[in-house]
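Overview (structure and organization)
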Amino acid sequence: MSVTTGHTFVGRAAELERIAEAVSRVRRGHTQFVVIEAPAGVGKTSLLRQALEGLEDWPEFGVVLDERMREVPGGAALNLLQVPGTTLENLDRVLTVRLRDAARLDTPALVTVHELQHVDERSAELFWQGLSVLDQGPVLVIMTVRPTQRPEVRRLIRLAQASPHGTHISLDPLPDWQIMEYLESRLRLPVGMAVARAVRRATDGYPRLVESVADRLCARHLGKRGLDHTLRTLFADPETTAFLRDIAAAVETPDAQTRQALYVLAAAGQPLSKHQMEQVLAQEVDVAALMGTHVVRWDAPTFGYAIEHVTVARGLRAELTREAEAEIHRALMGITTGFDALRHETAALMLDSGNDHRERLHGQLMEASQTAAHAGDIEQAFELTHLASTVCASERTLAQLVQLGVSVGRAKQLTEFADVVEALPPSQTRAGLMALIALERNEPDQALFELERYVSAHWSPEGLAVYAHAVSDTSAHMVVRGSPLQSNELLQRTLRQLESWEQQLRNERAKLISQTTGEKPPAYQLGHVTSLKAMIQVWHVACQQNPAEAGAIIHEITAAIDRLEQYPGTEIVRTALRSVRGARLRQLGDIQAAYEDLLPAAVTNAALTSYAIHAKVQLALVLFSAGLWHEAQEYAAAAAGHTLLQNEDTTSLMAYAVACLVPAARGDWEAVAEIVETLERLPHPGPVVTGLVTWVKAWGASATGDAEASAQLLTTMRHSSEGWITVGVEPAGMLARELFYAGMPEMLRVIMRSLASEVPARDDVSLTAVTGTRAFEAWSRGEAEEAMTHFEEVARYFDAAPPLRPTQLTGEGGGRGLYRALLGLDMAALVAQYPERLDRYRSSVLEHLVWSATVFQSCHAKTLLARSTELLNTIRSQARSLAPERTSDRALPALTAPVPQVVLPVMEQLSPREREIAVAVSRGSTNREVAENLVISVRTVEYHVANILAKLGLHSRRELRQLLRQ
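Since this is a predicted model, take the numbers as computed values, not measurements.

On to the overall build of the chain. Counting secondary structure elements, the chain contains 49 helices and 7 strands. Along the first, second and third principal axes, the C-alpha set of the chain runs to 105 × 90 × 55 Å. A buried classification covers 56% of the 966 residues belonging to the chain. Carbon and sulfur atoms form 51% of the exposed surface of the chain, whose accessible area is close to 41400 Å². The chain carries 95 positive and 116 negative side-chain charges, and their two centres are separated by 4 Å.

The structure is reproduced here in structure tokens:
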């Protein structure tokens with residue numbers, strides 16, 4: 001990417017490839033010239049520097065043009081040739097000699113002309129003549145140019161576009177996907193497309209600004225970063241302002257009137273018609289000249305003109321004095337109405353220190369906000385309140401900003417007014433605002449301190465709304481972190497005040513209903529208060545319960561959701577509660593119910609903020625256990641990739657940890673090692689994050705076959721305060737498995753006791769985990785039949801599990817597909833160790849093992865798939881030695897034996913896999929035998945056989961065999 005000096009160059013692959021092709025042709029003795037066209041600041045120079053790496057041994061002749069050289073006839077050519085004695089009179093002859101010399105060069109040479117838009121007419125003509133005739137000789141000519149309408153420069157650009165020896169590259173600002181790729185390379189963490197889009201909207205993809213965003217994010221500690229704060233500090237930086245001014249200064253305008261029109265469009269922030277611009281400027285506007293600047297676009301829907309990039313608009317505004325910009329805004333007030341007029345009046349007031357109309361404007365903004373809210377336009381209501389806060393950040397205004405911000409997912413913008421809030425006198429509102437600001441900075445302990453030090457029985461609706469919201473969010477942060485509130489009085493006092501407010505609203509509503517003959521008045525405010533009360537009641541229960549008693553909160557959440565059903569406007573809170581309930585259900589082992597709660601919460605709108613990210617994290621864990629690793633990774637990456645849109649907190653750290661789980665389990669530890677190490681170095685991540693990181697490391701060790709290391713890590717989880725509780729029953733069951741394979745079966749009885757008493761889970765889930773542990777314990781004593789009996793009991797439990805979703809088949813483990821697949825490995829390993837004693841189980845175990853292999857294959861779990869293949873071959877080999885006369889076993893080729901490729905023309909319409917299956921069927925193999933041999937499921941074979949018959953126009957396997965025998 002053309003953003004870096006000292007950092008990894010990412011992106012621009014297509015452009016680099018085209019320049020590389022030109023370099024390759026030069027090496028073969030052919031002249032090439034490349035024109036790179038792009039606005040200022042888009043990265044022409046960095047692209048060129050990257051493209052020419054490795055060509056340091058080529059002699060270079062170059063010139064950098066500036067605006068002064070445009071007026072010097074032949075000046076660019078004279079500076080480039082650098083031949084003593086060259087004058088304007090003999091310039092043509094010297095150029096001819098140099099071109100002849102270039103054709104006879106033995107080694108490649110490089111010619112660079114930077115900022116071609118400043119070339120003088122005489123030099124442009126000479127360049128065109130030379131490039132038109134020079135086709136032989138190892139010379140690479142590269143020119144960079146900004147968009148321009150100068151005909152002599154456009155002529156050179158057209159030559160690059162049309163000539164077989166030319167290459168024209170038009171550079172645009174970085175697109176979303178390249179920004180995402182670059183940020184990921186710098187942050188070493190998943191970055192979602194939504195984050196990349198937000199960065200592009202703020203920076204227009206200008207490489208230097210994107211690099212600055214990455215620099216600022218990297219400079220802050222993990223868990224303390226947020227995109228809003230980063231962008232605010234970026235555009236407040238004088239260096240950024242200077243860069244923006246340079247961008248604007250590079251915009252060429254033919255006259256002062258056109259420049260003034262650009263200033264008007266920059267201040268407007270929206271498309272304006274020609275007539276509107278002329279109204280503001282009180283003079284005619286030449287729209288052709290305006291479009292000729294290459295920074296203005298025509299906006300067809302509004303029938304107006306607008307600045308193409310917000311970065312250019314910022315730079316143009318930076319050229320204006322405060323008084324000049326305020327004057328433009330005042331003029332824009334006269335041609336706009338409603339929200340736009342108020343926006344321009346606010347901007348003019350903030351730029352004009354002598355304006356004394358703040359109180360009047362503040363009142364207008366608040367009134368307009370209330371009107372918009374009543375009309376259901378919460379987004380515009382928030383924008384108006386935000387403007388009002390910039391005019392006068394009173395307690396009431398900031399309280400309303402928070403309430404509306406929660407509804408539209410923008411409460412984090414409160415941090416803009418942190419200094420104002422801190423200066424407020426002590427009050428319930430101030431305590432709530434200070435706590436919310438602390439939470440946005442991921443400082444929940446500071447938030448709790450702010451809430452606890454305000455102790456008063458007095459409350460007001462505005463103050464209590466903010467305070468209760470802060471209490472709810474602080475409680476949520478503490479519970480998610482694994483250190484719930486110890487202050488019972490804070491929660492109880494807030495609940496008492498909310499109950500008083502709720503009763504007051506009920507009385508007012510009842511009075512209104514008794515006085516109204518038509519429809520009942522809406523219950524939106526009552527729903528808001530009831531929502532706050534419900535959330536705090538849930539956290540109150542969560543904080544009072546022993547974490548191991550995870551089921552205690554389920555009833556309270558369900559009751560709260562039921563109560564909120566009757567109130568409009570509570571959908572977001574209900575979805576948040578379902579996210580919390582889904583997490584608890586997953587920990588208890590009720591995977592199906594957890595999936596039903598988490599899926600809608602995970603795909604909800606962005607206004608849910610941390611709750612949506614939390615739901616994605618929990619859903620990823622559900623899908624991981626189901627053996628749906630591809631989808632699990634998609635949700636985990638989406639959760640991690642969206643965290644920067646908010647401000648990082650404990651939920652963000654959980655997302656980063658879970659995003660490492662699938663790669664670690666696949667054995668791709670290098671891809672996540674740096675993230676895991678960073679999370680481990682955090683000073684106080686909390687037991688939940690610590691437990692998840694340990695779970696990731698345990699799977700990473702297991703993927704390499706290091707059962708001992710995995711067992712040690714899982715044991716650490718057991719000894720931590722909430723390790724097993726964080727993930728659920730799976731770590732305990734996995735620990736039993738790893739202890740057995742690590743040769744430490746003496747600890748299995750301890751695990752059985754832990755499963756019965758320490759791990760929060762439904763009785764049937766705990767009992768099944770205990771049964772699986774008993775199987776390993778019996779196996780360690782050499783009791784093969786007893787171990788297999790226990791394994792079969794676990795298998796029956798998995799087989800009876802309902803499908804996680806309609807596309808899943810019954811009998812495949814439902815939400816525990818992964819553990820059913822691991823069970824297949826364990827049963828096969830037991831049969832392989834005791835082939836004679838367990839001969840009667842071989843057929844069913846083989847079928848289970850083949851299914852397990854298909855799960856591992858779909859998960860891309862290479863180590864587990866290799867183990868499945870090894871056991872399949874071992875058991876088949878044992879079967880042949882025990883019963884050599886069995887035809888079916890003799891007929892099965894080795895798993896790795898190649899299948900001959902059919903070359904009959906009629907078979908060409910089949911896929912390679914279908915050909916393999918067709919050959920196997922023609923030899924008389926059954927579907928089950930084909931499935932075992934190819935390590936796929938029987939149902940997959942049936943599907944392929946049906947496709948084969950349909951494609952070949954056959955009706956039976958017999959017809960297929962007959963066809964192939966021909």
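Right, picking up where we left off after that structure.
Turning next to empty space enclosed by the protein. Remark: the empty space left among the atoms is shown by a probe the size of a water molecule rolled over them. Counted according to the given criterion, the structure contains 5 cavities of 30 Å³ or more. In this structure, the largest cavity encloses a volume near 380 Å³. For the largest cavity, the lining is made up of 21 residues, of which Gly733, Ala769, Val794, Phe798 and Tyr819 are closest to its centre. Among the secondary structure elements, those contributing two or more residues to the lining of the largest cavity are helix H38 (730-741), helix H40 (763-780), helix H41 (784-800) and helix H42 (817-833). Sorting elements by how many residues they give to the lining of the largest cavity places H40 first, with 6 residues. Looking at side-chain class alone, the lining of the largest cavity contains 13 nonpolar, 4 polar and 4 charged residues.

Attention shifts here to the sheet that holds strand S1 (residues 32-37). The strands making up a sheet are joined through hydrogen bonds of the backbone, oriented either antiparallel or parallel. With parallel pairing, the 5 strands of this open sheet are ordered in space as S2-S3-S4-S1-S5. Two strands lie at the open edges of the sheet, namely strand S2 (60-64) and strand S5 (166-170), each paired on one side alone. When strand polarity is set aside, the average angle formed by the axes of neighbouring strands in this sheet is 10°.

With that out of the way, let us pick up the pairing of strand S3 (residues 109-114). Each regular strand carries side chains that alternate between the two faces of the sheet. Within S3, 6 of the 6 residues are buried, which leaves it mostly tucked inside the rest of the structure. Residue alternation in S3 divides its side chains into two sets, Ala109, Val111 and Val113 and Leu110, Thr112 and His114, and both sets are buried. As defined by bridge partners, S2 adjoins S3 across 5 bridges and the pair is classed as parallel. Its bridge partner lying in S3, Val64 is registered against His114. In this sheet, strand S4 (residues 139-145) lies alongside S3 in parallel orientation, the contact comprising 5 bridges. Bridge pairing in S4 links Val113 to Met143.

Basis of the calculations
Residues numbered from 1 in each chain as written. Predicted model: local features only at pLDDT ≥ 70, side-chain atom pairs only at ≥ 80, totals over all residues. Heavy atoms only, no water. Helix = DSSP H or I, 4+ residues; strand = E, 2+ residues; numbered from the N terminus. Buried < 20%, exposed > 50% of the residue type's maximum accessible area, 1.4 Å probe, protein only. Areas by Shrake-Rupley, 256 points an atom, 1.4 Å probe, with all protein chains shown as cover. Lys, Arg positive; Asp, Glu negative; His and termini not counted. Charge placed at Lys NZ, Arg CZ, Asp CG, Glu CD. 1 Å grid on protein atoms, 1.4 Å probe; cavity = no way out; pocket = protein on both sides within 12 Å on 5 of 7 lines; lining within 4 Å. Points joined across faces, edges and corners; volume = space filled by probe spheres on them. Nonpolar A, V, L, I, M, F, W, Y, C, P; charged D, E, K, R; others polar. Pairing = 2+ DSSP bridges. Axes fitted to C-alpha atoms, helices over the stretch in contact; angles between N-to-C directions.

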